[in-house]
Amino acid sequence: MSDLVNTSVKDGILTIRMNRADKKNALNLEMYDAMAAAIKDADTNPDVRVIVITGTGDSFCAGNDLKDFAENPPTGKSSPVMKFLKAISTAETPIVAAVNGTAVGIGTTMLLHCDFVYVAKDAMLSLPFINLGLVPEAAASLLLPRMAGHARAAELLMLGEPFSAKEALDTGIANAVCETADLEKVAMKTAKKLAAKPKDALRTTKALLRRDFESVAQRIDAEAEEFKKALASPDAKEALLAFKEKRKPKFN
Ligand code: COA
């Protein structure tokens, strides 16, 4: 297991904590691998009935490591990001997310695959793919319009502006907005309730709620193809360079 992703099991609850606070919990290859393995293992571990995902420091997850986008772009189905997306989108175990701060890119799209999402009051979320010359991933182009309606999904994905915890609640991404100090307590309260439910019926209920996993998987793949092309575009290269050089990108 990676030091950058901490896991612990207590009372049937597996907590997966992204632990790279100095980089705002941006996910590198090692972290995707560790999170994919933890989620997959949970499905077969008799001691685990619920998963809680959260972050350390003031950030939930600042998205894909932008240095990795340039140096280790995702190559196909066996890439760590694709393994992570497959694990979270097909998980049998119920997942509760405690969004303790900033959630960018995959930090937000992973929430679309969680069953319960609690967001700290001050957290900001964003889907900035467009501003990086990129396209949606994690089946966000399918799931977000379903949750939020086309109009709101278009705003979030085509303008790419940050949105508040309250807006995440209004768009149907989140179950509740919490005081930051209470966030983990609230997420754990739900996790404990879930852990006390009959395991098989709970998993089957989740599977029924997410029965269209085939269309989700197809959309993840279709987006990944477009993402790969976009990542090689001059606009994305300029956006990544601009982030590295701490300046605004200049698109043609
Ligand atoms: N990849 C790699 N490093 C990242 C990162 C990412 N996605 N997000 C943040 N970091 C790093 C910063 O480079 C910085 O590193 P440094 O201290 O070595 O310079 C450190 O984390 C702190 O980030 P900083 O930008 O100083 O913090 P902030 O509070 O001002 O802003 C964010 C936080 C998340 C809003 C901002 O860092 C950001 O926009 N990050 C990029 C998010 C993104 O576009 N993700 C990909 C989406 S597809």
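Refer to the structure presented above.
Owing to the predicted nature of the structure, the values given are computational and were not obtained by experimental measurement.

Draft legend 1. Local environment of unusual backbone geometry. With phi around 55°, Lys 24 is a residue other than glycine that occupies positive phi space. For Lys 24, the location among the structural elements is in the loop between β2 (13-18) and α1 (29-44). We classify Lys 24 as partly exposed; its relative accessible area is 39%. Although it is not a glycine, Lys 246 adopts a positive phi angle of roughly 50°. Along the chain, Lys 246 falls in the segment after α11 (234-244).

Draft legend 2. Here's a closer look at the pairing of strand β5 (residues 95-99). Across the five residues of β5, five count as buried, placing the element largely inside the fold. Burial of β5 is two-sided: the residues Ile 95, Ala 97 and Val 99 facing one way and the residues Val 96 and Ala 98 facing the other way are all buried. Alignment of strand β3 (residues 50-55) against β5, held across four bridges, turns out to be parallel. Each bridged residue has a counterpart across the sheet, and for Val 52 the counterpart in β5 is Val 96. With four bridges joining them, β5 and strand β7 (residues 116-120) adopt parallel strand pairing. Bridged to Val 99 within β7 is Val 119.

Draft legend 3. Examining the layout of surface pockets more closely. Approximately 1000 Å³ is the volume attributed to the largest pocket. For the lining of the largest pocket, the secondary structure elements donating two or more residues are α2 (66-71), β6 (102-104), β8 (124-126) and α11. For the lining of the largest pocket, the leading source of residues is α11, giving seven residues. For the lining of the largest pocket, the per-class residue count stands at 19 nonpolar, seven polar and 13 charged. Taken together, 25 residues make up the lining of the second largest pocket; nearest its centre are Leu 112, Cys 114, Asp 115, Leu 209 and Arg 210. Secondary structure elements with two or more residues in the lining of the second largest pocket: β7, α5 (140-148), α9 (199-209) and α10 (213-231). Among the residues forming the lining of the second largest pocket, the class breakdown is 15 nonpolar, five polar and five charged.

Draft legend 4. Spatial organisation of the site of the ligand. Taken together, the neighbourhood of the ligand is formed by 16 residues, with Lys 23, Ala 62, Asn 64, Leu 66 and Lys 246 sitting nearest. Here a nitrogen atom of the ligand and a backbone polar atom of Asn 64 are 3.0 Å apart. Taking 860 Å² as the accessible area of the ligand by itself, protein coverage stands at 63%. With respect to the pocket detection grid, the ligand is positioned in the largest pocket. The class makeup of the residues in the shell around the ligand is nine nonpolar, two polar and five charged.

Conventions we followed
Residues numbered from 1 in each chain as written. Predicted model: local features only at pLDDT ≥ 70, side-chain atom pairs only at ≥ 80, totals over all residues. Heavy atoms only, no water. Helix = DSSP H or I, 4+ residues; strand = E, 2+ residues; numbered from the N terminus. Buried < 20%, exposed > 50% of the residue type's maximum accessible area, 1.4 Å probe, protein only. Pairing = 2+ DSSP bridges. 1 Å grid on protein atoms, 1.4 Å probe; cavity = no way out; pocket = protein on both sides within 12 Å on 5 of 7 lines; lining within 4 Å. Points joined across faces, edges and corners; volume = space filled by probe spheres on them. Nonpolar A, V, L, I, M, F, W, Y, C, P; charged D, E, K, R; others polar. Near = heavy atom within 4 Å. Polar contact = N/O pair within 3.5 Å; in protein donor to acceptor, adjacent residues only side chain to side chain. Areas by Shrake-Rupley, 256 points an atom, 1.4 Å probe, with all protein chains shown as cover. Sits in = over half its atoms within 2 Å of the grid points.

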